[in-house]
Amino acid sequence: DPDTVPMILGASSSPNYDVKKAVLLALGEIGDKTAVPAVKGFLADPNWDVRATAARTLGKLRDLTSKALLQELALTDSDSIVRQSAEFALEHLIEK
C-alpha cells in the first residue's frame, strides 16, 4: 500500500523514543527505500537507542547512499552501541 510509509512516518515526530524506535523498526520491515531520507534524519537523534535503531534500519534497507553516514557514525558516535550498530549496518550493505 503506497500510503503505509507516509502513515508510519506521521508518528515519527513523537518526542517519545519508544515511538521513534517502533517507527524505524516498522520501516525496516516494510523495506521501502522511500523512507531512507527520514531514517537518515534519525541518525542525529539525541537518544542513543534511536540512533542505533536508525543505523540498523539503514542496513536492513541496504541503502548504499547511507554508507558515508554510517561510516562516520561507526567512527565518531559517543555511544559504543551506536557505533556497533553502524558497523553492523555497513556489513549488511556489502552482503549480497
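Placed above this text is the structure.
Below is a short write-up of the structure. Since we're looking at a predicted model, the values are computed, not measured.

**What to know about the packing of helix 2 (residues 17-30) against helix 4 (residues 48-61)**
Two packed helices can be described by the angle between their axes and the distance between those axes.
No. 1: The interhelical angle for the contact between helix 2 and helix 4, taken along N-to-C directions, is 5 degrees, at an axis separation of 9 Å. One element, helix 2, and the other, helix 4, form an angle in the roughly parallel class. Residue-level inspection shows Y17, K20, K21, L24, L25, L27, G28 and E29 of helix 2 in contact with helix 4, the latter providing D49, V50, T53, A54, T57, K60 and L61.
No. 2: Of the residues contributing to the contact of helix 2 with helix 4, the split by class is seven nonpolar, three polar and five charged.

**What about the nonpolar core?**
No. 1: L27, V39 and L70 are the most contacted members of the largest nonpolar core, which totals 24 residues.
No. 2: Looking at this core, the elements with two or more residues in it are helix 1 (4-10), helix 2, helix 3 (36-41), helix 4, helix 5 (67-76) and helix 6 (80-94).
No. 3: Here the element with the most residues in this core is helix 4; it accounts for six residues.
No. 4: Residue contacts for L27: discarding those within four places in its chain leaves V5, I8, L9, D32, A35, V39, T57 and L61.

**Here's the deal with the pattern of salt bridges**
No. 1: In this structure the tally under the stated criterion is four salt bridges.
No. 2: A salt bridge links E29 to K60; the shortest N-O distance between them is 2.3 Å. Taken together, the residues E29 in helix 2 and K60 in helix 4 connect sequence positions 31 residues apart.
No. 3: Residue E29 is classed as exposed on the basis of its relative accessible area of 59%.
No. 4: Classification of K60 by relative accessible area gives partly exposed; the value is 44%.
No. 5: A salt bridge links R51 to D77; the nearest nitrogen and oxygen atoms lie 2.8 Å apart. With R51 in helix 4 and D77 in the loop between helix 5 and helix 6, this pair connects stretches of sequence that are 26 residues apart.

**Comments concerning the environment of K33**
No. 1: Locating K33 in the fold gives a position in the loop between helix 2 and helix 3.
No. 2: By relative accessible area, which is 44% here, K33 ends up partly exposed.
No. 3: Considering only alpha carbons, one finds K33 and V5, 28 residues apart in sequence, at a separation of 9.6 Å.
No. 4: Apart from residues lying up to four places away in sequence, K33 is in contact with L61, R62 and D63.

**Describing the side chain of T57**
No. 1: Mapped onto the elements of the fold, T57 is located in helix 4.
No. 2: With relative accessibility at 2%, the residue T57 sits in the buried group.
No. 3: Ignoring anything within four residues of it in the chain, the contact list for T57 reads L24, L25, L27, G28 and V39.

Reading the values: the criteria
Residues numbered from 1 in each chain as written. Predicted model: local features only at pLDDT ≥ 70, side-chain atom pairs only at ≥ 80, totals over all residues. Heavy atoms only, no water. Axes fitted to C-alpha atoms, helices over the stretch in contact; angles between N-to-C directions. Helix = DSSP H or I, 4+ residues; strand = E, 2+ residues; numbered from the N terminus. Parallel < 35°, antiparallel > 145°, perpendicular 65-115°, else oblique. Contact = heavy atoms within 4.5 Å. Nonpolar A, V, L, I, M, F, W, Y, C, P; charged D, E, K, R; others polar. Core = buried A, V, L, I, M, F, W, Y, C linked by side-chain atoms within 4.5 Å. Buried < 20%, exposed > 50% of the residue type's maximum accessible area, 1.4 Å probe, protein only. Salt bridge = Lys/Arg side-chain N within 4 Å of Asp/Glu carboxyl O.

The quantities given are spatial measurements derived from coordinates; they are silent on function.
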